[in-house]
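# Architecture and fold: a report
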Amino acid sequence: MPETFLDSTELVLNMGPQHPSTHGVLRVILKLDGEKVMGTECVIGYLHRGVEKIGENRTYAMFNPYVDRMDYVAAVSNGLGYCLAVEQLLKVEAPPRAQVVRVILTELNRIASHLLWLGTHALDVGALTPLFYCMREREDVMNIYEKYCGARLTTHAFRIGGLIYETYQGFEQECLEFCDKLLPRIDEYEELLTANRIWQKRLVNVGVLTAEECKDYGVTGPMLRAAGVKWDLRKAQPYSGYETYDFDLPTRTNADSFDRYIVRLEEMRQSVRIIRQGVGRLEVGPVMAKVPKVIKPPIGEAYVSIEAPKGELGYYIVSDGSTQPYRVRVRPPSFVNLQSLDKMCRGGLVADVVAIIGTIDIVLGEVDR
Amino acid sequence: MRDFLRKVFLADLFEGLWVTLRAQHPKNIVTEQYPAARPKVAERYRGAPRLNINPENGETLCIACDLCALACPENLIVVGWERNPETKRKELTTFTYDTSRCMFCGLCEDACPVDALELTQDFELASYSREGQIFDRQMLEEGIHPTPYKH
Ligand code: SF4
Ligand code: SF4
């Protein structure tokens, strides 16, 4: 029988940009054969604000708050990457105390980002309750940020050369309390989800992306580690003194959505370990290095990449010796990771597309910039 | 066998349900009743701007140096000043601050040499019009007065 006999008509379906499970304004054009996905195409750019171009028209210090608005779920990590890149251009280094505070705050941010991911991902897949619990814990991190720098989401916590704010009274205490509280809560999430048969049915063997494919696409972060590759920039190219902290890199081998869930949960536990070590290391000292009032880096370029909650976040800055950057290029993890969507969706069902978008952990502010 | 029984008696689902039930206890309720109960925001909170006045003589602290306007990435502060012919010093006349474009980054506050401009703990900035978002000198000195919520 000729093969065309079984072919049904293909249907093209638009998903988004206004769709609750696309985590923002992502539009996916699905080519369907019944329930089966034959191909997808992403349309991005609905949230494009031209952040890189804005960078060319602002001084170095002025551009700092804008980077928070790319991955607004992990604003502190963005700020760290940018500050490190400019510091490399200026050839200064933040004082030790500032570095420890930076590590603590970015690890708190990793936890907050993963919590939000877990809540929304579970919501996409159909579990409503975890969202509320995750938000409840995330609130504690937000409160620490609010007390530390005065803003909850778009924090603008770091400055070029260190920190502008000293830690507040009771900062260490609150961080440790949060750590103690979080660990049993993570177990609680596991109780809710890990063994749940619906959760497993929806995630196991859905959205498989093997290690080879991850490397081909340039996928980084928890997705790469769920495929069994032990790659984390905190270990591979340590920055801010990460080489002195003792923590493990959780990896799994199945490379499916379920493994990414396990990896992210485990990463939260490791972040707790880092925060505890960091709090123990806080010593009295200056928090700001000597940087000129008007930042005017010498002619040159710098690329700094850090391990953001979603993967490798890189800042490439070219300086022409003036007070404004000649070019700022951002390598956002979400943008690169999103490219693997088509590969993972092909051959799956429509319902899996939602689970797969969730499992990539994208923030559209960062994809579109 | 154990797995089979777990499956038949829906053990995995009941475990999850037990977590949900535990969270129903009144002491585990964490929701803030916002308009009725107002939260206390942190001391360093960056909210509505205020132009501080000297409590002793009621004069503005601002010396019209324009540093805040230069520091602002969004260019939304306009400082108007006049040179006093007698003292030969700059004196503040107008001050506009467009909160609709402000991102509350705090750079202006950091730039001010005399702590005249400050981002305060007032967080209720909504208004009915775009013009209402533009703060003039009077509003900046008096602070915002949101309508209190009544039951
Ligand atoms: S908070 Fe930032 S954006 Fe707002 S006026 Fe001050 S410097 Fe400008
Ligand atoms: S920086 Fe301070 S003193 Fe100078 S114009 Fe602005 S508010 Fe006034």
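One can find the structure itself at the top, above this paragraph.
An account of the accompanying structure is given in this report. If you're wondering where the values come from, they're calculated on a predicted model, not measured in any experiment. (Residues numbered from 1 in each chain as written. Chains lettered and ligands numbered in written order. Predicted model: local features only at pLDDT ≥ 70, side-chain atom pairs only at ≥ 80, totals over all residues. Heavy atoms only, no water.)

## Side note on the state of the cysteines
Filter applied, for reference: To count as a disulfide, a pair of cysteine sulfur atoms needs to be within 2.5 Å. Each residue gets one of three labels from its accessible area relative to the maximum for its type: buried under 20%, exposed over 50%, partly exposed in between, using a 1.4 Å probe on protein chains only.
The final tally for this structure, using the stated rule, is zero disulfides over all chains. With no disulfide of its own, cysteine 83 of chain A has cysteine 149 of chain A as its nearest cysteine by sulfur position, at a separation of 12 Å. A residue is classified by how much of its surface remains accessible, and cysteine 83 of chain A, at 0% relative accessible area, is buried. The thiol of cysteine 149 of chain A is unpaired, and the distance to the nearest cysteine sulfur, on cysteine 105 of chain B, comes to 12 Å. Relative accessible area serves as the criterion here: at 1%, cysteine 149 of chain A is assigned to the buried category.

## Points about the pattern of salt bridges
Residues and elements named next belong to chain A. Short version of the rule: We define a salt bridge as a side-chain nitrogen of Lys or Arg found within 4 Å of a carboxyl oxygen belonging to Asp or Glu. By the criteria applied, helices consist of DSSP H or I runs no shorter than four residues and strands consist of E runs no shorter than two, each listed in order from the N terminus.
Per the counting criterion, the structure on display carries 35 salt bridges over all chains. Here aspartate 187 ties to arginine 269 by a salt bridge, and the two come within 3.1 Å at their closest N and O atoms. Taken as a pair, aspartate 187 in helix α6 (residues 171–193) and arginine 269 in helix α11 (residues 257–281) lie far apart in primary sequence, 82 residues in all. Notably, a salt bridge pairs arginine 273 with aspartate 246, separated by 3.2 Å at the nearest N-O pair. Here aspartate 246 lies in the loop between α10 (233–236) and α11 and arginine 273 lies in helix α11, a separation of 27 residues in the sequence. Arginine 273 sits in the partly exposed class, given a relative accessible area of 29%. For aspartate 246, a relative accessible area of 47% gives the class partly exposed. Salt bridges sharing common partners tie together Glu107, Arg110, Arg225, Asp232, Arg234, Glu267 and Glu307.

## A word on the interface of chain A and chain B
Keep this limit in mind: Two residues qualify as a contact provided that any one of their heavy atoms is within 4.5 Å of a heavy atom in the partner residue. Once two parts are put together, the accessible area they lose, assessed with a 1.4 Å probe and summed over both, is termed the buried area. Under this definition, polar contacts are N or O atom pairs within 3.5 Å; protein pairs additionally need one hydrogen-donor-capable and one acceptor-capable atom, and for neighbouring residues in sequence, both atoms have to be side-chain atoms. Nonpolar residues are Ala, Val, Leu, Ile, Met, Phe, Trp, Tyr, Cys and Pro. Charged residues are Asp, Glu, Lys and Arg, and all others, Gly as well, are polar.
In this complex, chain A contributes 30 residues to the contact, which on the side of chain B involves 27 residues. Both faces considered, chain A and chain B share a buried interface measuring about 2,400 Å² in area, 51% of it formed by carbon and sulfur atoms. Counting the surface chain A buries against chain B, the share from its top three residues, Met62, Glu191 and Arg197 of chain A, is 24%. Across the contact surface, chain A and chain B share one salt bridge. A salt bridge links arginine 159 of chain A to aspartate 110 of chain B; the shortest N-O distance between them is 2.8 Å. The interface formed by chain A and chain B includes twelve residue pairs in polar contact (both at pLDDT 80 or more). Secondary-structure elements contributing two or more residues to the side of chain A that touches chain B are α2 (60–67), α5 (129–149) and α6 of chain A. The greatest single-element share of the side of chain A that touches chain B, amounting to seven residues, is contributed by α5 of chain A. By residue class, the composition of the side of chain A that touches chain B is 13 nonpolar, seven polar and ten charged.

## Considerations on the site of ligand 1
The following threshold applies: Proximity is defined per residue: any heavy atom of the residue falling within 4 Å of a molecule or strand makes that residue near it.
Around ligand 1 lies a shell formed by Cys72, Pro73, Leu76, Ile77, Tyr97, Cys102, Met103, Phe104, Cys105, Gly106, Leu107 and Cys108 of chain B. A per-class count over the shell around ligand 1 returns eleven nonpolar, one polar and no charged.

## Overview of the packing of α6 of chain A against helix α2 (residues 11–22) of chain B
Counted only if it meets this: Fitted lines through C-alpha atoms serve as axes, helices being fitted only where they are in contact, and the angles separating the N-to-C directions of these axes extend from 0 to 180 degrees. Geometric relationships in this document are graded by angle, where less than 35 degrees denotes roughly parallel, more than 145 denotes roughly antiparallel, 65 to 115 denotes roughly perpendicular, and other angles denote oblique. Crossings are sorted by hand: turned counterclockwise from the far helix by less than a right angle, the near helix makes the crossing left-handed, and turned clockwise it makes it right-handed.
The N-to-C vectors of α6 of chain A and α2 of chain B enclose an angle of 135°; their axes lie 6 Å apart at closest approach. For the element pair α6 of chain A / α2 of chain B, the angle class is oblique. As α6 of chain A packs across α2 of chain B, the resulting crossing turns out to be left-handed. Of α2 of chain B, the residues touching α6 of chain A (which contributes Glu188, Glu191 and Leu192 of chain A) are Glu15, Gly16, Trp18, Val19, Thr20 and Arg22 of chain B. In the contact of α6 of chain A with α2 of chain B, the residues fall into three nonpolar, two polar and four charged.

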